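# Summary of the model geometry
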Amino acid sequence: MYYSLFFYGDCGQNKSLKLFTQSLTPPTPRLGIDEALLVVNNSLSFPVVIRQKSDNCYKCMPFCLGEVVPGQNWNVILDTTFAWTIYVEYNTSDGNRTIYCKKHHYFSEHSQYILNLDSDTRNCSLEHQNMVSSYTTYLPILYAAVGILGLALVWGAAKILWLVLRDRGCFHYLHFKSVDRVTARDLGYPRKVNSEYGAVNPQETEPLNRTNDSSVNGLMGAPADQSVKSGSGGGEATGKTPGRRRLASLDTFRGFSLMIMIFVNYGGGGYWFFDHSRWNGLTVADLVFPWFIWIMGVSIVFSYKSRTKHTILSRLYQLVRRSVILFGLGLFLNNGFTLGRWRIPGVLQRFAISYFVVALTELLTSEIRNSLCSLTPKGRILGIFRDITSNVFQWTVVFVLELLWLVLTFLLPLPQPCPRGYLGPGGLADHGRYSNCTGGAAGVIDRWLFTDNHIYQTPTAKETYHLLRPYDPEGVLGSLNSIVLCFLGVQAGRILVLYKKDYNILIRFLLWGLLLGGLGVVLCEGQKNEGMIPLNKNLWSLSFILVMGGSAFVLLAALYFIIDVILWWNGAPFKYPGMNSILVYVGSEILQGYFPFSWQQQSNSHLDLLFANLIAVGLWILIAYYWFRIDFFVKI
């Protein structure tokens, strides 16, 4: 008969968190992904207490698994993601608890270990049984990388073959049909062509009467006029504005981030680095959300630039409308079936808040100056920095918001025993002294505004640090820094609009990337946990948004150079979901639990889960490509 126990500190205090399974008559359990079995064989004449501590649990006190009586075989299932230290303790004759032995080990997935407590040698030994090589855990990643590379090579070879055969006239009919479509688009709208030149069958050209405005998704998708001035690089003209080209690199960046997000949300193959950090630090999963926020800032510049002729009331109405729709979609995805547990903060809610504030400042800034490009400060030096001097109002707002975050984070009085400026996860951290202080000021503000019932119940730190209270990584205080990160994206958009030469854009992108990334590293002091302000996605700390903003500048610079300047890549296949990202994201969230996007795994292996998650990503790319082909886009 199995039962679950969790003891916090003293083994007599049951906190009822299911972290392992033990048995008095232990059979061999079926192990899941990243799990190993530890069997404790107590041959001593006295009972012992087993405690354990994960290497990923910073400054944690060892927590008690339970007591093993003499002659008992006792099972515990361990997470193999990080190494563990196992403590064996016993009570001396004077009532004090003493460490009998301890073992530090990195347990391998799907392996069985026996911890023998020998009364003869007065020592403990750790034996491996059914040992599985740790390399097999990561082999599926190699298989997937080789498979994706193979598909890319096949696709490239097929495209080259298609171009060669097409140039030789092997696809005469298809080639000229494509030319007809391009010609009709260049001449004007099909209805105008029909009326002036007399098309034989107007229905043949009617599907072409869908303008590029249908691809608008100014928040998470392509903006209304996402184009830049042609510089030294080439590019495809948009058809709407001669001499301008669509910024395919931004669509690609957005789509790439979205595909990583879907891959992570669907399971990420069960690998810890495709999951969010437990508290401090960075993983692949921590990158995509802040990148999206930053990209949204870039899109805001293009969106408002294309609406300079609209009235301020019209633009304000669109701003409020989009924010409300985004917030409402987020509440819908949070599943409010049980109203008493309906989570209020969320991913799309964070987008809505960031968009509303940044777009409002962009609107007010655009009213201050006549147009985005007309403000040219006098003097050569000021002209070089016109991407900064042209939006002093927005910079002022950013500094005020960041100052507010710093004041609330480090000076807000917290309930006892929580110290001011606490940035830890609580629970077992800091040797259990601040177990109810999860997130410091951020957690206190969210629990005050929404109560424990309406914030995220299973934060990533819960299992590792054994949190006693819920915590929401998309809370109110972190939204201040997401607004700042979104504005850094606005700065990138401003550079793209104000400067004509590609080298001017690339140099500024790289300088901003190095500056922001360097500041972030200085704040965290290049360490995971010991820095002044650690990198923390749960808190959206200042160092975190600076590093994320810097990395976004550098990545967009690389994509811009490859895609929009030297034209080595057109951005496929990532640009297709990037042009319809709000629809792809919402669809992936709704259909996540349905076949063929996911299914119940028959074996507990990384290979099966990784294969299923990659299939889901591939399906959403195909769906986005189909929507692109039929000109189906959703805007909000």
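Remember, it's a predicted structure, so these values are computed and weren't measured experimentally. (Residues numbered from 1 in each chain as written. Predicted model: local features only at pLDDT ≥ 70, side-chain atom pairs only at ≥ 80, totals over all residues. Heavy atoms only, no water.)

## A short note on the sheet that holds strand β3 (residues 35-42)
- Strands sit in the order β6-β3-β9-β10 across an open sheet of four strands; the sheet is mixed. Looking at the sheet topology across the chains shown, the edges are occupied by β6 (73-79) and β10 (123-129). With strand direction ignored, the average angle separating the axes of adjacent strands in the sheet is 20°.
- Sheet topology note: the β3/strand β9 (residues 112-118) ladder contains six bridges and is parallel. Along β9, the bridge assignment pairs Leu 38 with Tyr 113. (Pairing = 2+ DSSP bridges. Helix = DSSP H or I, 4+ residues; strand = E, 2+ residues; numbered from the N terminus. Axes fitted to C-alpha atoms, helices over the stretch in contact; angles between N-to-C directions.)

## Examining a nonpolar patch on the surface
- Together, Ile 312, Leu 313, Leu 316, Val 320, Val 324 and Phe 356 make up an exposed nonpolar region whose accessible area comes to about 510 Å².
- With five residues, the top contributor of residues to the nonpolar patch is helix α7 (residues 312-333).
- Overall, the relative accessible area of 34% leaves Phe 356 in the partly exposed class. (Patch = residues over 30% accessible without salt bridge, like charges linked within 9 Å, V, L, I, M, F, W, Y side chains within 5 Å. Areas by Shrake-Rupley, 256 points an atom, 1.4 Å probe, with all protein chains shown as cover. Salt bridge = Lys/Arg side-chain N within 4 Å of Asp/Glu carboxyl O. Buried < 20%, exposed > 50% of the residue type's maximum accessible area, 1.4 Å probe, protein only.)

## Some words on the packing of aromatic side chains
- A full pass over the atoms with the stated rule returns 36 aromatic pairs.
- Ring centres 4.7 Å apart and planes at 20° place the aromatic pair Phe 597 and Trp 620 in the stacked group. One end of the pair, Phe 597, is in the loop between α18 (581-590) and α19 (606-629); the other, Trp 620, is in helix α19, with 23 residues separating them in the sequence.
- Of the residues examined, Phe 597 reaches a relative accessible area of 10% and is grouped as buried.
- Cluster of aromatic residues (ring-pair linked, three or more members): Phe 253, Trp 291, Trp 294, Trp 395, Phe 399, Phe 487, Phe 509, Trp 512 and Phe 553.
- In this structure, Arg 350 is placed above the aromatic ring of Trp 540, and the distance from its NZ or CZ to the ring centre is 5.0 Å. (Phe/Tyr/Trp six-rings, centres within 6.5 Å; stacked < 30°, edge-to-face > 60°. Lys NZ or Arg CZ within 6 Å of the ring centre and 35° of its normal.)

## As for the pattern of salt bridges
- The full count for this structure, using the stated rule, is nine salt bridges.
- Arg 254 is the partner of Asp 251 in a salt bridge, and the nearest nitrogen-oxygen pair spans 2.9 Å. Residue Asp 251 and its partner Arg 254 are both found in helix α5 (residues 248-265); the two are separated by three residues, about one turn of the helix. Accessibility assignment for this pair places Asp 251 and Arg 254 in one class, buried.
- For Arg 343, the salt bridge identified is with Asp 472, shortest N-O distance 2.8 Å. Linking Arg 343 in the loop between α7 and α8 (347-368) with Asp 472 in the loop between α13 (461-465) and α14 (476-498), this pair joins segments that are 129 residues apart in sequence. This pair shows no difference in class: Arg 343 is buried, exactly as Asp 472 is.
- Among the charged side chains, a network of salt bridges with common partners joins Arg 343, Asp 472, Glu 474 and Lys 537.

## Examining the nonpolar core
- Formed by 140 residues in total, the largest nonpolar core has its most connected members in Leu 38, Val 48, Ile 50, Leu 117, Trp 294 and Phe 509.
- The contact partners of Leu 38, leaving out residues within four places of it in the chain, are Trp 74, Asn 75, Val 76, Leu 78, Ile 86, Phe 107, Tyr 113, Leu 115 and Leu 126. (Core = buried A, V, L, I, M, F, W, Y, C linked by side-chain atoms within 4.5 Å. Contact = heavy atoms within 4.5 Å.)

## Comments concerning the environment of Phe 628
- The residue Phe 628 is located in helix α19 in this model.
- Using a relative accessible area of 27% as the deciding quantity, one classes Phe 628 as partly exposed.
- Separated by 51 residues in the primary sequence, Phe 628 and Pro 577 have C-alpha atoms spaced 8.6 Å apart.
- Residue contacts for Phe 628: discarding those within four places in its chain leaves Tyr 576, Met 579 and Phe 633.

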